[in-house]
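Descriptive structure summary
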Amino acid sequence: MTTPEYPTALGASSRESITLLGTDLARDVMGTVGFGELAFWLATQRRPTPGETRVFEAVLAALADHGFTPTAIVTRLTYLSAPDSVQGALAAGLLGGGSRFLGVTEDSGRFLDDVLTGVDGELPTDDAGWDALALETVTAQRAARRFVPGLGHHVHKDGDPRTPRLFEIATEEGLFGPHLSLFAAIGRVHPQVLGKTLPLNGAGVCGAALADLGLPLELLRGFALLARTAGLIGQLAEELRHPVANDVFLSVDLNNRSVAPDPYVPDLRASDLEGDSHG
């Protein structure tokens, strides 16, 4: 009978030692490798350069916390309801990482990558070329009535301060690649198409930066959640010392008002009434 094997280059243990990524965990990693560097290393199975680590950790810092967002509020409220379940409170907040909060990081990275991989020929080499590609991209999105991921912010309407800082860090480290170049160009040209100026938001620039680092596009939201986990732990730590969750709960509970039922009525379009042509 053949013994099954489950190969992994990640963590493995023997009676004497623990190895991680081919190195001795206790001797070569603990106290030597920072957590951001390790997270990058685990995801790519290659050790990042100092510049890559700096950009990656800047992204984690940018996404860690952004105030009383829905993810922070639900974490505090879940802890109020179940103080015996810190993991439940953290999970509740992380589950809210979707298309409006946190998920934009992945959406932007994927969107930019789709545009870049669809280019026929060489990528642009100067701002004029990137602007032309960006103008074509935004125009196509507008014609299809689709949003451009990473454009707009409900608070930072005059500019998200995280965006120029991450541009600056990536430039300093020689890691301002095609995803960031296209994203920056979208910021320059979109008013010509949309008729208004929207900020390039922090989640979007983080997605572009992560994509330029060569991280798996499928995991970009995971990195946003990794960052937000630290922020949610901070939210819980503050909730323990300066609780507000009960005030939020009571504000809603004591100020609700009873209204008449509003029955749901299906929206029957003509196509619905014609039946399924595929029978």
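To keep things clear, this report deals only with the structure shown in the data block. Treat the numbers as computed from the prediction; the structure is a model and nothing was measured. (Residues numbered from 1 in each chain as written. Predicted model: local features only at pLDDT ≥ 70, side-chain atom pairs only at ≥ 80, totals over all residues. Heavy atoms only, no water.)

Once that is clear, we can look at the overall build of the chain. In terms of regular secondary structure, the chain is built from 13 helices and three strands. Viewed in the frame of its principal axes, the chain has a C-alpha envelope of about 70 × 60 × 55 Å. By residue count, 38% of the 279 residues in the chain fall in the buried class. Of the contacts formed within the chain by residues at least 6 apart in sequence, a portion of 71% connects residues at least 24 apart. Of the accessible surface of the chain, which amounts to about 16700 Å², a share of 56% is contributed by carbon and sulfur atoms. (Helix = DSSP H or I, 4+ residues; strand = E, 2+ residues; numbered from the N terminus. Buried < 20%, exposed > 50% of the residue type's maximum accessible area, 1.4 Å probe, protein only. Contact = heavy atoms within 4.5 Å. Areas by Shrake-Rupley, 256 points an atom, 1.4 Å probe, with all protein chains shown as cover.)

The next subject is the packing of helix H7 (residues 127–143) against helix H9 (residues 178–194). Between H7 and H9, the shortest axis-to-axis distance is 7 Å and the interhelical angle comes to 60°. Taken together, the axis directions place H7 and H9 in an arrangement best described as oblique. Between H7 and H9 lies a crossing whose hand is right-handed. Residues Asp 127, Trp 130, Asp 131, Leu 133, Ala 134, Leu 135, Val 138, Thr 139 and Arg 142 of H7 pack against Pro 178, Ser 181, Leu 182, Ala 185, Ile 186, Arg 188, Val 189, His 190, Gln 192, Val 193 and Leu 194 of H9. (Axes fitted to C-alpha atoms, helices over the stretch in contact; angles between N-to-C directions. Parallel < 35°, antiparallel > 145°, perpendicular 65-115°, else oblique. Left-handed = near helix turned anticlockwise from the far one by under 90°.)

Two side chains bearing opposite charge may form a pair once their charged atoms approach each other closely. Summed over all chains, the structure comprises 15 salt bridges. The closest approach of N and O atoms between Arg 221 and Asp 107, which form a salt bridge, is 3.7 Å. Of this pair, Arg 221 sits in helix H11 (residues 220–241) while Asp 107 sits in helix H6 (residues 104–117), placing them 114 residues apart in sequence. What makes Asp 107 partly exposed here is its relative accessible area of 26%. (Salt bridge = Lys/Arg side-chain N within 4 Å of Asp/Glu carboxyl O.)

A full pass over the atoms with the stated rule returns three aromatic pairs. Judged by centre distance (5.5 Å) and plane angle (90°), the ring pair of Phe 56 and Phe 223 falls under edge-to-face. With Phe 56 in helix H3 (residues 50–63) and Phe 223 in helix H11, the pair connects residues that are 167 residues apart, well separated along the chain. Of the two residues, Phe 56 and Phe 223, neither departs from the other in class, the shared state being buried. Ring geometry for Phe 167 and Phe 176: centres 5.4 Å apart, planes at 55°, overall tilted. By relative accessible area, which is 16% here, Phe 167 ends up buried. (Phe/Tyr/Trp six-rings, centres within 6.5 Å; stacked < 30°, edge-to-face > 60°.)

All right, on to the side chain of Thr 71 then. Within the secondary structure, Thr 71 sits in helix H4 (residues 70–81). Among the polar contacts listed, one links the side chain of Thr 71 to the side chain of Thr 69, at a separation of 2.9 Å. Other than its neighbours up to four places away in sequence, Thr 71 contacts Gly 93, Gly 96, Gly 97, Leu 102, Arg 228 and Leu 232. (Polar contact = N/O pair within 3.5 Å; in protein donor to acceptor, adjacent residues only side chain to side chain.)

Each strand in a sheet pairs with another by means of backbone hydrogen bonds, the pair being arranged parallel or else antiparallel. One open sheet holds the three strands; their spatial order is E1-E2-E3, and the pairing between them is antiparallel. The open sheet is flanked by strand E1 (11–13) and strand E3 (23–24), the only strands paired with a single partner. Across two bridges, the pairing between strand E2 (residues 18–20) and E3 is antiparallel. By the bridge assignment, Leu 20 is partnered in E3 with Thr 23. (Pairing = 2+ DSSP bridges.)

Our next topic: the environment of Ala 143. As for its position among the elements, Ala 143 is in helix H7. By relative accessible area, Ala 143 is classed as exposed at 67%.

Following the sequence through the fold, Leu 63 ends up in helix H3. Owing to a relative accessible area of 3%, Leu 63 belongs among the buried residues under this scheme. In the structure, Leu 63 is positioned 162 residues away from Leu 225 in sequence and 8.4 Å away in space, judged by C-alpha atoms. With near-sequence residues (within four places) excluded, Leu 63 lies in contact with Leu 102, Thr 105, Arg 162, Ala 203, Cys 206, Ala 224, Ala 227 and Arg 228.

The interhelical angle for the contact between H3 and helix H10 (residues 202–212), taken along N-to-C directions, is 160°, at an axis separation of 10 Å. It follows from the interaxial angle that H3 and H10 lie roughly antiparallel. Crossing hand, H3 versus H10: left-handed. Facing Val 55, Phe 56, Val 59, Ala 62 and Leu 63 of H3, the residues of H10 in contact are Ala 203, Cys 206, Ala 209 and Leu 210. Split by residue class, the contact of H3 with H10 holds nine nonpolar, no polar and no charged. (Nonpolar A, V, L, I, M, F, W, Y, C, P; charged D, E, K, R; others polar.)

With that settled, consider a nonpolar patch on the surface. There is a patch of nonpolar side chains on the surface, built from Leu 80, Phe 249, Leu 250 and Leu 254 and spanning about 360 Å² of accessible area. As for its placement among the helices and strands, Leu 80 is situated in helix H4. We classify Leu 80 as partly exposed; its relative accessible area is 37%. (Patch = residues over 30% accessible without salt bridge, like charges linked within 9 Å, V, L, I, M, F, W, Y side chains within 5 Å.)

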